Amino acid sequence: MNSEPRQAINSIVIVGGGSAGWLCAGLIASEHIDDEHRNVSVTLIESPDVKTIGVGEGTWPTMRTTLKKIGIRETDFLSRCSASFKQGTKFVAWLNGDDAESYYHPFTAPAGYTDINLVPYWQKHRDAITFANAVSVQGYVCDRNLAPKQRETPDYAYVVNYGYHLDAGKFAELLHEHCTTQLGVRHVVDHVTSVNGDPDSDIRSMSTAKHGDIEGDLFVDCTGFASLLLGKHFKVPYVDKRDILFNDSALAIQLPYANEADPIASQTISTARSAGWIWDIGLTSRRGIGYTWSSEYSTDEEAHDTLRQYIGATSSAAMDSIEPRKISFRPGHRSRFWHRNCVAVGMASGFLEPLEASALVMVELAGKMISEELPANREVMDVVARRYNDLFRYRWDRIIDFLKLHYVLSKRTDSDFWVDNRRDESIPESLRELLALWQYKAPEHRDLAQVDEVFSAASYQYVLYGMGFETHARDSARQSRDATKAQKLFEENSDLASRLVANLPDNRKLLGTT
Ligand SMILES: Cc1cc2nc3c(=O)[nH]c(=O)nc-3n(C[C@H](O)[C@H](O)[C@H](O)COP(=O)(O)OP(=O)(O)OC[C@H]3O[C@@H](n4cnc5c(N)ncnc54)[C@H](O)[C@@H]3O)c2cc1C
């Protein structure tokens, strides 16, 4: 063994002050702040000239664990970020294009999930009750705009599982304040003018306009679409996924509620349109609405009209004052995410349409792995990088499969966008295989390789059976044995739903804005 001292990895430099940069700073700093043996320092450089993306308002339940770990109180987070509770997504008009048709993908796993697969039992009653309502209480709770917890439920605890809807700008401000005052993160407001180091070797430092060169051992690229370090400096190739996920454009707008007491929806509402879909997210202070579509199937003008029609039908906002912001993106991701002493997180590593809000959870997963597996020295960094790349490549592929599933199951025929989305050549082989498998048996844990899958078999069940998929399983001996247990779970779910509907508080009342 070489007895030379190895270069320790202590100085972490994050470039970018959007949600990705500050979440990473918070996760790395909170993990290492008390570590006396390892003098880890975190510096975050943020350009005063390049704005953050400013959207990204839906999170997963994982955000509760992330905020708790970073050390932010939930009540502070809710009030500072105009945040509300998100209990899942309601998909409208995805199946046939009729606005009266919808289904839920709730955050609560189906009843008895780890013990019994309720799909075959539900299928016998599928005309009488939706899958989500048969196995979960959350659709009932969301239909009535109820909160997922009581006033006395502790911070981050729940009665039914939830994530958040939040104001992305206020979120970055809160994280910034907390990281700099409580976690010792150094904040440098300056523009990075060059990345120093040969592209064939490690990055040495960032040159900034006013603060000179800032050196580091590990650089985290959180520069958004610019991908300044991984993309521009190292030229790590971008893997374009437009052939699978067609959407590459978005129009985003923020609208006030017509009345201050209007209900706050407890779920993201995703409404399918002829060339994409509209998100509708209720915060305590306003709604965030946007249309994401494919530029191959719709002009900007048609997209504006689509969004205007939706707003006209769901809000009293004056139409002539509406000027949405256009965002163009290239669906896909880098071929590697950690290269030499640089790891890209957030949109610097890739971006797919915001269906199912998978971007921030990928930031959380990245920040968690970087902080928990922070390489001890330069020598071991390549091993960590390899493991990181394998895992995240797998995760991007699984997210792509899951998002595509929503399009593949649609029966819409009203535009080429929907018809082309079902063409074999646009469906990944991995998804085609799973769909073949699930024709004869309902999804379960072992169909997906990882223990901590981004989208579990439960999520697949909600989307498949919410969209009318049929599994033709033959009755098995186990099924007959467990029939009483299944019936009991359905009854318990129904009883629990009645109790929760009677007892959970109104979302807006709990959030304290009426
Ligand atoms: C339309 C749309 C809707 C979305 N909806 C959701 C959603 O519902 N849920 C979800 O999870 N995600 C969503 N996302 C994704 C989410 O917004 C992002 O993943 C998240 O905001 C993280 O962005 P970021 O920090 O990577 O980039 P940005 O917010 O763009 O931040 C980039 C940072 O880099 C800095 N920077 C750039 N160049 C330099 C330089 N030269 N020197 C110094 N600093 C520099 C900028 O100043 C900025 O601080 C959505 C995205 C879009 C486009």
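Quick note: structure is the one above.
It should be emphasised that the depicted structure is a prediction, and the values quoted were computed from it without experimental measurement.

Draft legend 1. Geometry of the overall build of the chain. The helix and strand tally for the chain stands at 17 helices and 21 strands. Against the 2.2 N^0.38 benchmark of 24 Å for 514 residues, the chain shows a C-alpha radius of gyration of 23 Å, consistent with a compact globule. Projected onto its principal axes, the C-alpha coordinates of the chain cover approximately 70 × 60 × 50 Å. Relative to its full complement of 514 residues, the chain shows a buried share of 58%. Within the chain, contacts between residues at least 6 apart in sequence are counted, and of these 76% link residues at least 24 apart.

Draft legend 2. Spotlight on the packing of aromatic side chains. Across all of its chains, the model carries 31 aromatic pairs by this definition. When the centroid spacing of 4.6 Å and the interplanar angle of 65° are considered together, the rings of phenylalanine 77 and tyrosine 164 count as edge-to-face. Of the two residues, phenylalanine 77 is situated in helix α3 (residues 74-80) and tyrosine 164 in strand β6 (residues 163-165); the sequence distance between them amounts to 87 residues. For the ring pair phenylalanine 225 and phenylalanine 351, a centre distance of 6.0 Å and an interplane angle of 70° mean the geometry is edge-to-face. One end of the pair, phenylalanine 225, is in the loop between β11 (218-221) and α8 (228-233); the other, phenylalanine 351, is in strand β21 (residues 350-351), with 126 residues separating them in the sequence. We note arginine 395 situated over the ring of phenylalanine 392; from NZ or CZ to the ring centre the distance is 5.0 Å. Seen from the ring of tyrosine 257, arginine 508 lies directly overhead, with NZ or CZ sitting 4.7 Å from the centre.

Draft legend 3. Focus on the layout of surface pockets. Counted as a void, the second largest pocket has a volume near 1,100 Å³. Secondary structure elements with two or more residues in the lining of the second largest pocket: α2 (62-70), β5 (102-106), α10 (359-372), α11 (378-408) and α14 (457-466). Looking at the lining of the second largest pocket element by element, the count peaks at six residues for α10. Of the residues belonging to the lining of the second largest pocket, the class tally is 19 nonpolar, ten polar and eleven charged.

Draft legend 4. Molecular detail of the packing of helix α1 (residues 19-32) against α2. For the pair α1 and α2, interaxial distance at closest approach is 9 Å and the crossing angle is 55°. Between α1 and α2, the crossing angle belongs to the class labelled oblique. As for how α1 packs across α2, the hand of that crossing is left-handed. Each of Leu23, Gly26, Leu27, Ser30 and Glu31 in α1 lies in contact with α2, whose residues at this interface are Met63, Thr66, Lys69 and Ile70. Class assignment for the residues of the contact of α1 with α2 results in four nonpolar, three polar and two charged.

Draft legend 5. Examining the sheet that holds strand β15 (residues 276-282) more closely. Reading across the sheet, the seven strands line up as β5-β4-β14-β15-β16-β13-β17 and stay open at both edges, with mixed pairing between neighbours. With partners counted over all chains shown, the strands left at the sheet margins are β5 and β17 (325-328), one partner each. Between one strand and the next, the sheet's axes are offset by a mean angle of 20°, whatever the strand orientation. Bridge analysis of β15 against strand β16 (residues 287-293) gives seven bridges, and the strand direction is antiparallel. Within β16, the position partnered with tryptophan 279 by the bridge is glycine 290. Its contacts with the sheet place helix α9 (residues 300-314) against β13 (249-255), β14 (268-273), β15, β16 and β17, and it is angled at close to 145° to β16.

About the thresholds
Residues numbered from 1 in each chain as written. Predicted model: local features only at pLDDT ≥ 70, side-chain atom pairs only at ≥ 80, totals over all residues. Heavy atoms only, no water. Helix = DSSP H or I, 4+ residues; strand = E, 2+ residues; numbered from the N terminus. Rg over C-alpha atoms; globule rule 2.2 N^0.38 Å. Buried < 20%, exposed > 50% of the residue type's maximum accessible area, 1.4 Å probe, protein only. Contact = heavy atoms within 4.5 Å. Phe/Tyr/Trp six-rings, centres within 6.5 Å; stacked < 30°, edge-to-face > 60°. Lys NZ or Arg CZ within 6 Å of the ring centre and 35° of its normal. 1 Å grid on protein atoms, 1.4 Å probe; cavity = no way out; pocket = protein on both sides within 12 Å on 5 of 7 lines; lining within 4 Å. Points joined across faces, edges and corners; volume = space filled by probe spheres on them. Nonpolar A, V, L, I, M, F, W, Y, C, P; charged D, E, K, R; others polar. Axes fitted to C-alpha atoms, helices over the stretch in contact; angles between N-to-C directions. Parallel < 35°, antiparallel > 145°, perpendicular 65-115°, else oblique. Left-handed = near helix turned anticlockwise from the far one by under 90°. Pairing = 2+ DSSP bridges.

Everything listed here is a matter of geometry and, on its own, says nothing about what the molecule does.
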